[in-house]
Every structure is written in C-alpha cells, then in structure tokens.
Amino acid sequence: MKFPYILFLSLGLFLNGNSQDLKPQLPSLCKQYQEFFLIGAAVSPQVLKSADSTLVIDQYNSLVCENQMKPMWIQPQENVFMFKNADYVVAFAKRHNMKLRGHTLVWHNQTPGWFFKDGDKPASKELLAERMHKHIQTLVSRYKDDVYCWDVVNEAVSEEKDEYLRTSSPWYKIMGEDFIELAFRYAHEANPKAKLFYNDYNAWQPEKRDKIIRLVKSLKDKGVQVDGIGMQGHWKIGSPTKEQIETAIDMFSALGVTVQITELDVSVYQSDKDKEVKMTPELEQQQADYYQMCFDVFREKKDKVSSVTFWGAADNHTWLDNFPVRGRKNYPLLFDTKLQPKKAFNQIIKIEASPKPLPKEGA
Ligand code: GLA
C-alpha cells in the first residue's frame, strides 16, 4: 500500500515546486462549526469575483447579499426589477453548496422614494400595501428554491425611550403598525416554506429587546408566522456584555423562534469621536478575546442559535470604514486586509471539548 501513497506525495511535490512551498492549509471555520450552526458572510458580486472568493468558499457555508436584494437595488423604479447582481450571488451560493439568507424585504432605509408617493401626494395605505405585495411576491417567489430564510422586516422597532415602533418610518406613517403583519403574511403566501425573520440592531439592549419581544409576540398571537429573530450584531470590543447577549438569546428563544446573529462585526472603536487607529497587536488581542467570548456563548446556545453571519468576509471590505465616520479605517472581522487570519480567527477556531459535568453527589 506504500507505493501509491509515495506516488501521490511526489506528484504533490512536483506540482507545488518543492516541499517548502507547501503552505499549511488554514482550518475552515464553517467546517469546524458544522455541528453548531451555519457560518455566513455578507458579500457582493465584486467580492465574489475577486481574490476573496477563495476565502469565502473555504470559510463560510452561508451567504447573504450585502446590498443587492435591498429594495433600492432590486426595484429602483416601480416595476423595474434588476435581478442581475442578486442572481450572481444566488448562483455562486448554489454552485458552492451554500445556504442563502434573503435580506431585506421591508425597511425604512435604502428603499426608493417612489414606494411612498402617488404623483405629488403621499401614497395611500392601499397603494403602498399593493406595492409591498408585488415586491415581496416577486422576490420571494423568484428565489423560493434558493433563499431559505428572509429578513422580512428590518429595524421597525424604535430606539426612542417612549416609543414602541419607529413612527418616523414612511411605512409606519402611511400604514401604521399593520405594515409589519402584512409583510410577514405576504412573504408566507409567496413561499410557505421560507423561514421568516424580524431583524434588528441593538437587539440586546433591554428596552429594545423587550419591544422586539412585544412585537413578535403580538404577531404570533395574531397567527402570523414568524420563525426567527435576527440579532444584527454590529458590536464593539466590550459591548454588549456576555450577560446581555445570553439574556437576549434566551428571551427571544423562549418565544418559540430560532435566533440568528445576522450581521456580526466587532468595531475597534468605542465612539464616533475616536481618532483613526492602526491595528496593534494589543488591540487585535482585545478583539480576539471579545470574539472568543461571543462564540463561547453562541456554542453554548447552539440549540437556540442556528446561524452566525459576519457582515463582510475580511477587513479589506467593511461598511464600517465609512460608518459612522467616513474614511476611518476599521478592522472588525476575522481576516485582515490581506485576507490573513487574525488572532480572533485563531481563538474561535479552537473549540475546547466542553468539560465533563462533575458526578452528582452520592452518585
Ligand atoms: C443595517 C442593515 C444592513 C446594512 C448594515 C450596514 O444593519 O440591516 O443591510 O445596511 O446596516 O451595512
């Protein structure tokens, strides 16, 4: 049996030049986490056409379009659907056997103004509902064999202290609270098999968390199908705390829905006022420890958490370079600007076997 192995080895050395060129293969995060949950990344066709695509294929088993399925991009004018870019991501996911999240159907941001207008006047509730129906029906049924879950409504809950829902949203202004229920009903009608999510940021904040719970509970009480809550997870080193993350996951899960971390990135800045920094080894270590804590929690709650998606594949492309401060470089992901693994990657790839429970007294 030795002979074919030696032949195989020498062929490998031949193809690789010499043995020193053989780079150790990076372990794959999604394979390592196969028994826990999906590991995803937000991508664009540009990312998938670049050198980053190898990293995406190796490390992630779930994708979401960073922008291409948002209303502004997919239906920029009434009845003008631009599917090309979204289709590209869909085909890539299919080719590489990856799951695909759909993001997002109804949102107050990145939705073109025409939705809310009727000539010079604001659209009526009926007209807006009709447009919502058409939009959701078109997208959800087009991708019904490809997209397994949708962020049906994004960020409808208010951050204002005494306000429940975001009343400044044009959806709310025209349709009132009903827009949320209708969006879920339309999505279910278009693909009864799709898993339907409510998605929001700062979902760990106690006041906001409780409003999300109120919303999802009220939808379920009305018999509306809601399968999951997406915690976006645009976090920063040190915040939210372990306990805040745990409590939110537990409380959401108690509603009978699955939880997904949908847009994870960990900013190296604490506030808008912080000056641009270089990624020092100390900062990288702090970020790695924070990431490790998050993944310890996610793993421990693997029965409640079905997917963790990063908002980007590597630090060479992140929306945080321009938000909340334009042009301030950020380093929020697991791979650096040269696509090399950071300390955070090295720490979360190591899954310690969970300690055996101590034998019960008297046992
Ligand atoms: C929100 C949205 C995402 C994306 C990010 C920033 O979290 O849900 O689609 O726009 O902001 O890129």
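Residues numbered from 1 in each chain as written. Predicted model: local features only at pLDDT ≥ 70, side-chain atom pairs only at ≥ 80, totals over all residues. Heavy atoms only, no water.

A word on the overall build of the protein
- Within the protein, the secondary structure is distributed over 13 helices and 11 strands.
- Here the protein has a C-alpha radius of gyration of 22 Å; the compact-globule value for 363 residues is 21 Å, and the two agree.
- Counting only C-alpha atoms and orienting by the principal axes, one finds that the protein spans roughly 75 × 60 × 50 Å.
- Partitioning the intrachain contacts of the protein with sequence separation of at least 6 by distance along the chain shows that 76% fall at a separation of at least 24. (Helix = DSSP H or I, 4+ residues; strand = E, 2+ residues; numbered from the N terminus. Rg over C-alpha atoms; globule rule 2.2 N^0.38 Å. Contact = heavy atoms within 4.5 Å.)

Let's talk about the site of the ligand
- The ligand sits among K70, H103, W107, Q110, N154, E155, Q232, H234, E263, W311 and W319.
- One of the side-chain N or O atoms of H234 is found 3.1 Å from an oxygen atom in the ligand.
- A distance of 2.4 Å is found between an oxygen atom of the ligand and a side-chain nitrogen or oxygen belonging to E263.
- Protein coverage of the free-state accessible area of the ligand, which is 300 Å², stands at 91%.
- Along the lines of polarity and charge, the residues of the shell around the ligand split into 3 nonpolar, 5 polar and 3 charged. (Near = heavy atom within 4 Å. Polar contact = N/O pair within 3.5 Å; in protein donor to acceptor, adjacent residues only side chain to side chain. Areas by Shrake-Rupley, 256 points an atom, 1.4 Å probe, with all protein chains shown as cover. Nonpolar A, V, L, I, M, F, W, Y, C, P; charged D, E, K, R; others polar.)

Remarks on the pairing of strand β10 (residues 258-267)
- In terms of burial, β10 is a largely internal element, 9 of the 10 residues being buried.
- Judged from the 4 bridges that link them, strand β8 (residues 228-231) and β10 form a sheet pairing that is parallel. Paired with M231 across the bridge in β10 is I261.
- Relative to β10, strand β9 (residues 234-236) runs parallel, the two being bridged by 3 bridges. When the sheet's bridge partners are listed, K236 is paired in β10 with S267.
- Considered for its hand, the β-α-β crossover made up of β9, helix α11 (residues 242-253) and β10 is right-handed.
- Across 4 bridges, β10 lies against strand β11 (residues 305-310) in parallel orientation. In the strand pairing of β11, I261 is matched with V308. (Buried < 20%, exposed > 50% of the residue type's maximum accessible area, 1.4 Å probe, protein only. Pairing = 2+ DSSP bridges. Right-handed = clockwise from strand over helix to strand, strands pointing away.)

Section: the pattern of salt bridges
- Within the structure shown, the criterion is met by 16 salt bridges.
- Ionic pairing is found between K208 and D200, a salt bridge with its closest N-O pair at 3.0 Å. Just as K208 is buried, D200 falls in that class too.
- In this structure, the salt-bridge partner of K329 is D321, at a minimum N-O distance of 2.8 Å.
- Judged by its relative accessible area of 15%, D321 falls in the buried class. (Salt bridge = Lys/Arg side-chain N within 4 Å of Asp/Glu carboxyl O.)

Observations concerning unusual backbone geometry
- Put simply, H103 and T104 share a cis peptide bond, and its omega is -5 degrees.
- The residue T104 is located in strand β3 (residues 99-106) in this model.
- The omega torsion across S239 and P240 is 0 degrees, close enough to zero to call that bond cis.
- Here P240 is to be found in the loop between β9 and α11.
- Even without being a glycine, N79 presents a positive backbone phi close to 65 degrees.

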